[in-house]
Structures are given as structure tokens and as C-alpha cells.
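Here is what each chain is made of, one letter per residue.
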Amino acid sequence: MAAAVSRHLGFPRDRTQWVQATKNTLLQPGPKDFDLGFDQVPVTPQREPNAQFSSPYYDVRQAVIARDDNLDVRSVTTAADLASVRLGAPAGSAALASIAESIRPAAPPTIFHSSDDAKNALLAGSIEALVVDLPTAFYLTTVELTGTRVVGALPQTTPDPERFGFVLPADSPLGPCVATAISDLRRDGTLRQLEETWLGRSL
């Protein structure tokens, strides 16, 4: 994503330099040692006094996790194919709305008030699939839940989803340029292509 925006701004790979920064460093007040920063940073009004945000480049979607050995779930191609699957989701999460609107399950999903309970239920087979936001899904399947995978992302149904944006120094003149780049990349299909390539298929 960063490379695509950089190219659109006229800076090829040999004219860009990467520097490391923690999320706290990106958002703290004061001078920055970068022109354009990102780290899955949600755009919120509360953070705007400390930094300048680009227009959002990604709306966080909900995703389906299943065990590797559950071939039935792994073979689904649309959200509707999950209607007869035993689903679970965190209490009070956007996942519940996505299940109701995109999957329309035959039976209500199991609601978990503890993330440990949800993970254990998936591993034990009490549920066949767990629905969480996509960043959490990647973390769970790569770090915490051995033998699981992200099956796919559900259609966006949340009216006001969490949105990720780039962070710029508060006084950066690049803000409008980055906004135009993101708009152009969204319009020509680049953002969708990047999402499908790196974040998995959509259901």
C-alpha cells in the first residue's frame, strides 16, 4: 500500500527510505522523522491534534476463522455458504452484525464474553468458525491458534467501520497529495487488488 502511494506521488522505490517507528511514536506530539507513516492506525478525531491523517485507505472488515482440518468451512465460496455452520463471535462486536446481515445463519451464533473461551471453542470443535475483525483474525491464526486459517473476509456491513489511514506530520503539505493518491488508487481498483492479494479472498 505504501509503495503504491509512493509511486503515485512520483517517488519510485529507489527514492524512498524506510525508517522504523512504533505506533506511539507515530501519534505522539512534536516533530516526526518521517513524511508518511502507517501501522494499522485507526483514524479518530481524538488523535488529530497530534498528527495529520490521510483519508482512509482501508475499512476494517470482519473475517471467518476455521480449523485447517475443517474442509467443509474451508471450501465455502460465499458468505451464504456459512448459513448452516456453527458460528461464534465476541460479545458486543461488529462480527455479530456481519453474521446476521451477510451470512443469515440457520441458528444464532454462540456469543463469547472471553476471547479465551472463543479460541478454545474453535479448537475443541464446539464451533466450526469464529468471526472477528480481520486484523485480529490474522493475529490469531499466525500467533495464537496453531492449525487454523482465515477462510475469507465478509462483505462490509457496518455503517461506520474502523478505518485505517496514513499518519503525516501535523504541518505536512503532502496531505492533499496523499488524499488524491488514495482516491485514485481506490477508483482504479488498486486498493481492492491489494486487499485481495495480501489480506485474503472476500466471501
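Rules used in this analysis
Residues numbered from 1 in each chain as written. Predicted model: local features only at pLDDT ≥ 70, side-chain atom pairs only at ≥ 80, totals over all residues. Heavy atoms only, no water. 1 Å grid on protein atoms, 1.4 Å probe; cavity = no way out; pocket = protein on both sides within 12 Å on 5 of 7 lines; lining within 4 Å. Points joined across faces, edges and corners; volume = space filled by probe spheres on them. Helix = DSSP H or I, 4+ residues; strand = E, 2+ residues; numbered from the N terminus. Nonpolar A, V, L, I, M, F, W, Y, C, P; charged D, E, K, R; others polar. Pairing = 2+ DSSP bridges. Axes fitted to C-alpha atoms, helices over the stretch in contact; angles between N-to-C directions. Contact = heavy atoms within 4.5 Å. Buried < 20%, exposed > 50% of the residue type's maximum accessible area, 1.4 Å probe, protein only. Expected span 1.5 Å × (residues − 1).

Engineer: Before we move on, could you go through the layout of surface pockets and cite the residues and values that matter?
Structural biologist: Taken as a whole, the largest pocket encloses approximately 730 Å³ of empty space. In this structure, the largest pocket is lined by 25 residues; those nearest its centre are Ser6, Thr16, Gln17, Trp18 and Leu36. Ranked by residues supplied to the lining of the largest pocket, first place goes to helix H1 (residues 2–8) with four residues. Tallied by class, residues from the lining of the largest pocket come to 15 nonpolar, four polar and six charged. Considered as a void within the structure, the second largest pocket measures approximately 610 Å³ in volume.

Engineer: Residue-level account of the sheet that holds strand E7 (residues 148–153), with values.
Structural biologist: With mixed pairing, the five strands of this open sheet are ordered in space as E5-E4-E6-E3-E7. Single-partner strands in this sheet number two, and they are strand E5 (110–112) and E7. Neighbour-to-neighbour, the strand axes of this sheet turn through a mean angle of 30°, independent of strand direction. Packed onto the sheet, helix H4 (residues 94–103) meets strand E3 (62–67), strand E4 (87–90), E5 and strand E6 (129–133) and runs at close to 145° relative to E4. Packing against the sheet, helix H5 (residues 115–124) makes contact with E3, E5, E6 and E7, and its axis sits at approximately 45° to E3.

Engineer: Can you break down the pairing of E6 residue by residue, with the values?
Structural biologist: Burial within E6 is extensive, with four of its five residues counted as buried. Taken together, the four bridges between E3 and E6 define a ladder with antiparallel strand orientation. Counterpart to Val64 in the pairing with E6 is Val131. When E4 meets E6, the two strands line up parallel, connected through two bridges. Within the sheet, the bridge partner assigned to Leu87 lies in E6 and is Ala129.

Engineer: Describe unusual backbone geometry, listing the residues and the values that go with them.
Structural biologist: Residues apart from glycine generally show negative phi values, whereas peptide bonds are mostly found in trans. Its identity as a non-glycine residue notwithstanding, Gln40 has a phi of 50°, on the positive side. Among the secondary structure elements, Gln40 is positioned in the loop between helix H2 (23–27) and strand E1 (52–53). Since its relative accessible area comes to 44%, Gln40 is described here as partly exposed. Even without being a glycine, Arg104 presents a positive backbone phi close to 50°. Position of Arg104 relative to the elements: it lies in the loop between H4 and E5. Overall, the relative accessible area of 65% leaves Arg104 in the exposed class.

Engineer: Can you explain helix H7 (residues 175–187)? Please cite residues and give values.
Structural biologist: Because the α-helix completes a turn every 3.6 residues, residues three or four places apart line up on one side. Here H7 spans 18 Å end to end across 13 residues, near enough to the 18 Å set by a 1.5 Å rise per residue. Burial in H7 covers these residues: Gly175, Val178, Ala181, Ile182, Asp184 and Leu185. Buried residues in H7 make contact with H1, E1, strand E9 (167–168) and helix H8 (190–198). Immediately downstream of H7, the backbone of Gly189 shows phi near 90°, a positive value.

Any functional reading would require information that these geometric values do not contain.
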